[in-house]
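Descriptive analysis of the structure
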Amino acid sequence: GSNDPTANILTIVLIEILRGKGMGGVPSLFIKQFAIGIIVGVGMGILAGKLLRRLKCTTEGMDTIFIVAVALFSYAGSQLLGGNGYLSVYITGIILGNVQIPNKAILVHFFDGATSLFQMLVFFLLGLLAFPTEVISYLGNSILVALFLTLIARPIVVALLMTPFKVPLKDQLLIAWSGLRGASSIVFAIVVT
């Protein structure tokens with residue numbers, strides 16, 4: 001889950017390097033981004049959890065709107081203070097996910113649907129960046145990169161990360177072969193180019 005905030009920070013660093021600002025401020029940027037992101041995320045998660053337990057929503061769906069607002073405030077608050085908004089929202093979500101709140105099952109189903117919709121939207125937007133006239137010239141290299149990442153790199157990385165925790169091989173294979181991964185990192189890489 002921490003790959004998106006890290007990809008975001010690396011994107012910022014690459015943009016600063018491309019602008020000619022060098023690597024001098026990178027360590028302080030990392031510390032500032034992570035520290036503010038963590039503080040805002042923890043604060044928003046605790047505050048929102050307390051409010052959700054005390055509020056009695058009279059209209060169905062108001063708690064969903066409240067959670068969306070919390071996510072937006074968590075992101076915006078962290079960004080305004082110079083922190084990492086992605087990390088802040090991620091931590092806020094982890095805290096709220098571990099709090100007993102009313103209508104939690106409905107909230108989970110809503111956000112599962114929203115996640116699927118936004119994944120489709122990201123890949124649709126990525127498709128808009130492709131030029132059909134240039135697809136053939138990149139097809140061979142693209143297939144090689146995709147095969148390498150899918151068949152070699154990802155299984156090796158999963159094995160390196162999971163073996164020390166004694167995760168069974170069948171579970172490692174499931175992790176290596178399931179789910180959409182890297183959409184945010186792809187979008188951040190496009191921003192740099």
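Keep in mind the model is a prediction, meaning the values are calculated, not measured. (Residues numbered from 1 in each chain as written. Predicted model: local features only at pLDDT ≥ 70, side-chain atom pairs only at ≥ 80, totals over all residues. Heavy atoms only, no water.)

1. Re the nonpolar core
Core analysis: the largest hydrophobic core is formed by 11 residues, namely I36, V40, M44, A48, L52, I67, V70, L96, V99, I101 and L107. Counting residues per element, the ones that place at least two in this core are α2 (26–54) and α3 (62–80). Ranked by residue count, the leading element in this core is α2, at 5 residues. Those residues in contact with M44 that sit more than four places away from it in its chain are V70, F73, S74 and T92. (Core = buried A, V, L, I, M, F, W, Y, C linked by side-chain atoms within 4.5 Å. Buried < 20%, exposed > 50% of the residue type's maximum accessible area, 1.4 Å probe, protein only. Helix = DSSP H or I, 4+ residues; strand = E, 2+ residues; numbered from the N terminus. Contact = heavy atoms within 4.5 Å.)

2. Quick word on the packing of aromatic side chains
Applying the stated criterion to the full structure yields 2 aromatic pairs. Ring plane angle 80 degrees and centroid distance 4.9 Å describe the contact between F110 and F111, whose orientation is recorded as edge-to-face. A relative accessible area of 38% places F110 in the partly exposed class. (Phe/Tyr/Trp six-rings, centres within 6.5 Å; stacked < 30°, edge-to-face > 60°.)

3. A short note on the packing of α2 against helix α4 (residues 85–97)
Interhelical geometry of α2 versus α4 gives an angle of 35 degrees and a closest axis separation of 7 Å. In the packing of α2 onto α4, the handedness of the crossing is right-handed. Facing α2, whose interface residues are F34, G37, I38, V40, G41, V42, M44, G45, I46, A48, G49 and L52, α4 presents L87, S88, I91, T92, I95 and L96. Looking at the contact of α2 with α4 residue by residue, the class counts come to 12 nonpolar, 6 polar and no charged. (Axes fitted to C-alpha atoms, helices over the stretch in contact; angles between N-to-C directions. Left-handed = near helix turned anticlockwise from the far one by under 90°. Nonpolar A, V, L, I, M, F, W, Y, C, P; charged D, E, K, R; others polar.)

Note that all results are geometric; they support no functional claim without further evidence.
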